[in-house]
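Spelled out from the first residue to the last, the chains are:
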Amino acid sequence: MGGIVAIVGRPNVGKSTFFNRLIQKREAIVDAVSGVTRDRHYGKSDWNGKEFSVIDTGGYVVGSDDIFEQEIDKQVELAIDEADAIIFMVDVESGVTGMDEDVSNLLRRANKPTFLAVNKVDNAQREADATEFYALGLGEYYSISSINGSGTGDLLDALVKEL
Ligand code: GDP
Ligand code: MG
């Protein structure tokens, strides 16, 4: 067991798409415990021979796209408590949102390795658009496409060094 990685961020940025890519054919373990843990999916993954657990957060309880900002904040606090590293995912299509800023503020105060992943960077134009995420004040980011896989190797290389 090489540690725990939590994927956080607002709805529809692509957390579950990335999670499914990470766990590939492995089974996602759906936690049957009620309450906050109901809103999380657990899986196993490995990269460069290092095994780790992945937690996908958000969106499972309500059965719709509605999710309260407090719920996202709660997932971030849980991730800060239990994860060894956090992937904070944002979406280049929508750009920086207020919820992204809110999550950034929580993560900046935490002493936890955090990787900002700008998702949906499917082409070169979007690579340029991704620079707006420097405004979150989290420093360097990883541009990735969870759908086509580009950039995910660099992110995982850096991530497993923290586990
Ligand atoms: P979550 O709510 O953060 O878990 O987001 P999902 O993984 O459910 O994805 C939300 C939507 O974004 C879906 O329609 C995905 O197909 C789409 N999506 C996810 N990753 C990418 C990507 O890398 N590029 C593009 N263009 N769309 C993506
Ligand atoms: Mg999801």
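Whatever comes next refers back to the structure up there.
The rules behind the values
Residues numbered from 1 in each chain as written. Chains lettered and ligands numbered in written order. Predicted model: local features only at pLDDT ≥ 70, side-chain atom pairs only at ≥ 80, totals over all residues. Helix = DSSP H or I, 4+ residues; strand = E, 2+ residues; numbered from the N terminus. Buried ≥ 20, exposed ≤ 12 C-beta atoms within 10 Å, placed from the backbone. Contact = placed C-beta atoms within 7 Å. Near = placed C-beta within 6 Å. Nonpolar A, V, L, I, M, F, W, Y, C, P; charged D, E, K, R; others polar. Arc of directions from axis to C-beta.

Draft legend 1. The overall build of the protein, seen in detail. The helix and strand tally for the protein stands at five helices and seven strands. The buried share of the protein, reckoned over its 163 residues, is 39%. When contacts within the protein are restricted to residue pairs at least 6 apart in sequence, long-range pairs at least 24 apart make up 69% of them.

Draft legend 2. Representation of the site of ligand 1 within the structure. Surrounding ligand 1, one finds 14 residues, the nearest of these being Gly-14, Lys-15, Ser-16, Thr-17 and Lys-120. Here the shell around ligand 1 gets three residues from one element, more than from any other, and that element is helix α1 (residues 15-23). Grouping the constituent residues of the shell around ligand 1 by class yields three nonpolar, eight polar and three charged.

Draft legend 3. Structural view of helix α5 (residues 152-160). Among the residues making up α5, those that are buried are Thr-152, Leu-156, Leu-159 and Val-160. Projected down its long axis, α5 carries its buried residues within an arc of 85 degrees, all on one side. The outward face of α5, more than 90 degrees from its buried face, is lined by the exposed residues Asp-154 and Asp-157. Those residues of α5 that are buried are in contact with β1 (4-8), α1, β3 (40-47), β4 (50-57), β5 (85-91) and β6 (114-119).

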